[in-house]
Amino acid sequence: MRIILLGPPGSGKGTQAQLLVQRYGIVQLSTGEMLRAAVAAGTPVGLKAKEIMASGGLVPDDVVVGIISDRIEQPDAKSGFILDGFPRTVPQAEALDELLKRKHLKLDAVIELRVNESALLSRVETRVAQMRERGEEVRLDDTPEVLTKRLASYRSQTEPLIHYYSERRKLSTIDGMMTIDEVTRAIHRQLLALGAIEPKTHARSAAKAAPAKKGKAGKKAAARPAKTAKKGAKSVKKATKSAVKGPKKAAKKASKKTVKKAAKKTVKKGAKKAAKKVTKKRAKR
Ligand code: AMP
């Protein structure tokens, strides 16, 4: 499976990409991560990218296309990959199309995570606070000023990709404001609908990725289907009972009515007969 995750900074692409990696056993190719590693290692690419990244600008297309082209060739990317943060411009998307065509590879889907821009700033602030709490190094470009610039470059250079992929019938848009779990489930449903994953394959890989928990929650979850089945059976029983009860009651009612009617009739008939007898007797006299 080969997919692209599209969305502004802070939309949750990285988080979702990691979850997809665990679930489907494919690799995450994040140009941002690769560039940060290059900067840390002080490679020629890193030296080129350092300033641009710190200011929130975009690294030249040929640099990132080169990185991705090499990375796709690696053995671990053979069974599939998630592109996170690439492509970011229309020329990068065109270069990717060319690259995949040359390698006889097909792109399964482009998933856009649509988010409310005003929420992004607070999301990034939370992320930074959490990283600080854990004692992790905070990214240089995770500041409100740089984020504003990164958002602007997303709007002007990356957003046109939404049109690019929707024209090619590759785009699926998902509400990125939902909880992490809900977004993951929505992506999964979309991939199923597109035929990018098979239901059975998924069930197996999901079980592998997240083996049943032994704790209470796990037990509860495991017991749930059985409970539901029991409940189902109970309600079927109830329904059958009432279905059987219905006609019985009706029959009882009906027979009661008939008896009453018959009795009334008999009483009436009897009274009539008695009256007739009395009249006859009187006439005789
Ligand atoms: P990210 O981790 O995806 O937010 O990327 C961090 C920074 O790396 C971006 O702000 C850019 O400066 C640079 N970068 C990452 N991916 C690309 C790309 N596809 N094209 C250009 N610059 C990129």
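Residues numbered from 1 in each chain as written. Predicted model: local features only at pLDDT ≥ 70, side-chain atom pairs only at ≥ 80, totals over all residues. Heavy atoms only, no water.

Caption draft 1: Quick look at the site of the ligand. Neighbouring residues of the ligand: 16 residues in total, closest Thr31, Gly57, Gly85, Arg88 and Gln92. At 3.0 Å, a side-chain N or O of Arg88 approaches a nitrogen atom of the ligand. Contact with the protein chains removes 96% of the 480 Å² of surface that the ligand exposes when unbound. Among the residues forming the shell around the ligand, the class breakdown is six nonpolar, five polar and five charged. (Near = heavy atom within 4 Å. Polar contact = N/O pair within 3.5 Å; in protein donor to acceptor, adjacent residues only side chain to side chain. Areas by Shrake-Rupley, 256 points an atom, 1.4 Å probe, with all protein chains shown as cover. Nonpolar A, V, L, I, M, F, W, Y, C, P; charged D, E, K, R; others polar.)

Caption draft 2: Quick look at the packing of aromatic side chains. Scanning the model with the defined rule gives one aromatic pair in all. Taking NZ or CZ as reference, Arg168 lies 3.6 Å from the ring centre of Tyr164, over its face. (Phe/Tyr/Trp six-rings, centres within 6.5 Å; stacked < 30°, edge-to-face > 60°. Lys NZ or Arg CZ within 6 Å of the ring centre and 35° of its normal.)

Caption draft 3: Spatial organisation of the pairing of strand E3 (residues 81-84). Of the two faces of E3, the one holding Phe81 and Leu83 and the one holding Ile82 and Asp84 are both buried throughout. Judged from the four bridges that link them, strand E1 (residues 2-6) and E3 form a sheet pairing that is parallel. Following the sheet pairing, Arg2 is matched in E3 by Phe81. Where strand E2 (residues 27-30) and E3 come together, four bridges link them in parallel fashion. (Buried < 20%, exposed > 50% of the residue type's maximum accessible area, 1.4 Å probe, protein only. Helix = DSSP H or I, 4+ residues; strand = E, 2+ residues; numbered from the N terminus. Pairing = 2+ DSSP bridges.)

Caption draft 4: Seen up close, the nonpolar core. Of all hydrophobic cores here, the largest spans 30 residues; its most connected members are Ile4, Leu29, Ile72, Phe81, Leu83, Leu96 and Tyr165. Looking at this core, the elements that each hand over two or more residues are E1, E2, helix H2 (31-41), helix H3 (44-55), helix H4 (61-72), E3, helix H5 (90-102) and helix H8 (160-167). When residues of this core are assigned to their parent elements, the largest contribution, six residues, is made by H4. Once residues within four sequence positions are removed from consideration, Leu83 is found in contact with Ile3, Ile4, Leu5, Leu29, Ile68 and Leu96. (Core = buried A, V, L, I, M, F, W, Y, C linked by side-chain atoms within 4.5 Å. Contact = heavy atoms within 4.5 Å.)

Caption draft 5: Broad picture of the packing of helix H1 (residues 13-24) against helix H9 (residues 180-193). For the pair H1 and H9, interaxial distance at closest approach is 11 Å and the crossing angle is 55°. Classified by the angle their axes make, H1 and H9 are oblique. The two elements H1 and H9 cross, and the hand of that crossing is right-handed. Contact with H1, carried on its side by Thr15, Gln16, Leu19, Leu20, Arg23 and Tyr24, involves Ile180, Val183, Thr184, Ile187, His188 and Leu191 of H9 and no other residues of that element. For the contact of H1 with H9, the per-class residue count stands at seven nonpolar, four polar and one charged. (Axes fitted to C-alpha atoms, helices over the stretch in contact; angles between N-to-C directions. Parallel < 35°, antiparallel > 145°, perpendicular 65-115°, else oblique. Left-handed = near helix turned anticlockwise from the far one by under 90°.)

Caption draft 6: Region of interest: the pattern of salt bridges. Counted under the stated rule, the structure contains nine salt bridges. The partner of Glu112 in a salt bridge is Arg114, and the shortest N-O contact between them spans 3.1 Å. With a relative accessible area of 4%, Glu112 lands in the buried category. Taking the relative accessible area as the measure of exposure, Arg114 reaches 47% and is therefore partly exposed. Of the charged contacts, one joins Arg155 and Glu117 as a salt bridge, the two residues approaching to 2.8 Å between their closest N and O atoms. Highlighted residues: Arg155 in helix H7 (residues 144-158) and Glu117 in helix H6 (residues 117-133), separated in sequence by 38 residues. Of the residues examined, Glu117 reaches a relative accessible area of 31% and is grouped as partly exposed. (Salt bridge = Lys/Arg side-chain N within 4 Å of Asp/Glu carboxyl O.)

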